[in-house]
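Structural overview
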Amino acid sequence: MGSTVYLETIGCQMNVADSERADVRLRAAGFDLSQSPETADVIIFNTCSVRERAANKVFTRIGEVRRQRLGREPVVGVMGCVAQLEGKTLFDNSPSVNLIVGTRATDRLPELVNRALEGERRVIDLDERADGEKWDVPATARTSKYVAFVPIIEGCNKFCTYCIVPFSRGREKSRAASDIVAEIRELRDHGYREIHLIGQNVNSYRPGTEAGLEGFKGATAFCRLLRAAAATGMERIKFTTSFPRDFHPDIVAAIDEHENLCEWVHLPVQSGSDRVLRAMRRGHTASDYMARIAAIKKARRRMAITSDIIVGFPGETEADFRETLKLVGQVGYDALFIFKYSERPGTPAARLDDDVSRSEKTARFLELEEMQQQLQQKTYESYLGRVIKVLVERTSLKSDQDMSGHSTCHKVVNFPGGSAALGEVVSVRVTEAKPNSLYGQVTQAI
Ligand code: SAH
Ligand code: SF4
Ligand code: F3S
């Protein structure tokens, strides 16, 4: 029997996708993946550095897991963003760690794990492959049978002043469109009903060759990829995250023309104050951003819009924060992810004085959250009585009588289970608007 590996994921969807690839590579090399850290031979944490709390989580988890151990000491590995950034200092600071795998070394995980199992005490690989990453994950080996993440671009060249991602993930690298399209076709043929094209900034997609991007000359590469993806006939196609500066109106036109491109755009604004946006080096002003929103709102299809916001960036005044409240009020987001600024060592903003006090950050966070909840309630109520298509993904977390899934506009929708089967798309008539989800009754299975 092969050695057993327990793999735990912290962080964004890129990490989720990387863990899935790691899982597939490990199984192919003869390892067994295990759900129990208590007994596994190898424990690997796929880590996130985006905020201090996320970065510290791995250390708490290593401690917790080691206390639960039943047998001998496992190999403890750290992969992902913390691994890439901390490198070998992790060996010194966390003596139980004996394997460090950078963000570009996922494909080499099996051989690295084997070296650690054979007794090598400090195994580390932070290198990039000369011939690039192998992104493919076979449809037959994926965790979900209905929804699949398809990475299209990795890394980030934007260097927003607060952000660690360009350092942990390196420069942008786009995957060949022909490979992406082939993967979507394979997923479609295996019965997948929804895919998410993912990347730190999907709309910065710029592959080295035109292959796979036939037609629609003149449009941006991302837009041409969206159209090529739509042409595969995959039932539902979502994409995230979009970078405002590169959000070209041709994306809106493509969504309008292709029913299978889902009506949901995640377009993080971070702040409503031009002064703060400049200090963040986001490359857009509030009015540039609002022009993109206006284009989305003018579309034939009604689209859901979601965003990320940082409160308490260094130097953010009460007046700056009011600008953020104003912008949020104007847009009327379907959902908002709010973060308190967290200083990341090595980023340009870390040289600024982190001068918004903790209590002010919390007060701004709560005020924005409260405002969003009220606005969101209205948005959710506007769905009452409407019939929306929901992909049935799981039993509801709150009641095992109910099923749960997402709409094409990416809202969580719960409904009484009855005959709905996992992986089906059902029509649901919305009867209740909860704070962060909709509730309804199935009108028909499709
Ligand atoms: N590439 C995406 C975001 C990736 S990180 C974009 O540019 O929109 C996800 C979110 O984490 C960001 O949108 C931002 O809101 C938040 N974030 C990133 N760095 C942060 C920091 N140092 N402190 C607090 N929040 C941060
Ligand atoms: Fe970070 Fe900015 Fe890149 Fe997003 S675009 S990952 S916020 S540097
Ligand atoms: Fe975190 Fe790395 Fe993603 S820092 S948000 S896991 S790219």
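Presented here is an overview of the structure given in this document. From a predicted model like this one, the values you see are computed outputs, not experimental measurements. (Residues numbered from 1 in each chain as written. Chains lettered and ligands numbered in written order. Predicted model: local features only at pLDDT ≥ 70, side-chain atom pairs only at ≥ 80, totals over all residues. Heavy atoms only, no water.)

1. Looking at the overall build of the protein chain
Looking only at helices and strands, the protein chain features 13 helices and 19 strands. For 446 residues, the compact-globule formula gives about 22 Å, and the C-alpha radius of gyration of the protein chain, at 22 Å, lands near that figure. If you take every contact in the protein chain between residues at least 6 apart in sequence, the share linking residues at least 24 apart comes to 72%. Accessible surface, the protein chain: about 19500 Å² in total, of which carbon and sulfur atoms supply 50%. The centroid of the 62 positive side-chain charges in the protein chain is displaced by 2 Å from the centroid of its 60 negative side-chain charges. (Helix = DSSP H or I, 4+ residues; strand = E, 2+ residues; numbered from the N terminus. Rg over C-alpha atoms; globule rule 2.2 N^0.38 Å. Contact = heavy atoms within 4.5 Å. Areas by Shrake-Rupley, 256 points an atom, 1.4 Å probe, with all protein chains shown as cover. Lys, Arg positive; Asp, Glu negative; His and termini not counted. Charge placed at Lys NZ, Arg CZ, Asp CG, Glu CD.)

2. Examining unusual backbone geometry
With an omega of 10°, the peptide bond between threonine 240 and threonine 241 qualifies as cis. Residue placement: threonine 241 occurs in the loop between β11 (236–240) and α9 (249–257). In this model, glutamine 270 sits at a positive phi of 75°, which is unusual for a non-glycine residue. What makes glutamine 270 buried here is its relative accessible area of 7%. The phi torsion at histidine 410 lies on the positive side, around 65°, for a residue other than glycine. (Buried < 20%, exposed > 50% of the residue type's maximum accessible area, 1.4 Å probe, protein only.)

3. Quick look at helix α7 (residues 177–189)
Counted at 1.5 Å a residue, the expected span for α7 with its 13 residues is 18 Å, and the 18 Å between its end C-alpha atoms agrees. Every buried residue belonging to α7 is among Ala177, Ile180, Val181, Glu183, Ile184 and Leu187, and all of these are buried. An end-on view of α7 places all buried positions within 160° of arc, on one side of the element. Close packing links the buried residues of α7 with β7 (147–151), β10 (194–198) and α8 (221–231). One or two steps after α7, the chain reaches glycine 191, where phi turns positive at roughly 90°. (Expected span 1.5 Å × (residues − 1). Arc of directions from axis to C-beta.)

4. A word on a negative patch on the surface
On the surface, Glu52, Glu343, Asp353 and Asp355 cluster together into a negatively charged patch. With respect to the secondary-structure elements, glutamate 343 resides in the loop between β14 (335–340) and α13 (358–381). (Patch = residues over 30% accessible without salt bridge, like charges linked within 9 Å, V, L, I, M, F, W, Y side chains within 5 Å. Salt bridge = Lys/Arg side-chain N within 4 Å of Asp/Glu carboxyl O.)

5. Considerations on the site of ligand 2
Surveying the vicinity of ligand 2 reveals the residues Cys156, Lys158, Phe159, Cys160, Tyr162, Cys163, Val165, Pro166, Asn201, Phe243 and Arg282. Across the shell around ligand 2, the residue classes break down as eight nonpolar, one polar and two charged. (Near = heavy atom within 4 Å. Nonpolar A, V, L, I, M, F, W, Y, C, P; charged D, E, K, R; others polar.)

6. Section: the environment of valine 413
Along the polypeptide, valine 413 turns up in strand β17 (residues 412–416). With 20 residues separating them in the primary sequence, valine 413 and alanine 433 have C-alpha atoms 9.6 Å apart. Sequence-distant contacts of valine 413, defined by excluding residues within four places in its chain, comprise Ile388, Val390, Met403, Ser404, Gly405, Ser407, Val428 and Leu438.

7. A few points about the sheet that holds β10
If you trace the three strands from one edge of the open sheet to the other, you get β7-β10-β11, paired in parallel fashion. For this open sheet the edge positions go to β7 and β11, each flanked by a neighbour on one side alone. Between one strand axis and the next, the sheet turns through 25° on average, direction left out of account. The sheet contact formed by β10 and β11 spans five bridges and is parallel. (Pairing = 2+ DSSP bridges. Axes fitted to C-alpha atoms, helices over the stretch in contact; angles between N-to-C directions.)

8. Topic: empty space enclosed by the protein
With the rule as written, the count across this model stands at one cavity of 30 Å³ or more. Within this model, the largest cavity holds a volume of roughly 160 Å³. Around the largest cavity, the lining comprises 16 residues; the ones closest to its centre are Asp18, Arg21, Glu133, Trp135 and Pro151. Elements represented by at least two residues in the lining of the largest cavity include exactly α1 (13–28) and β7. (1 Å grid on protein atoms, 1.4 Å probe; cavity = no way out; pocket = protein on both sides within 12 Å on 5 of 7 lines; lining within 4 Å. Points joined across faces, edges and corners; volume = space filled by probe spheres on them.)

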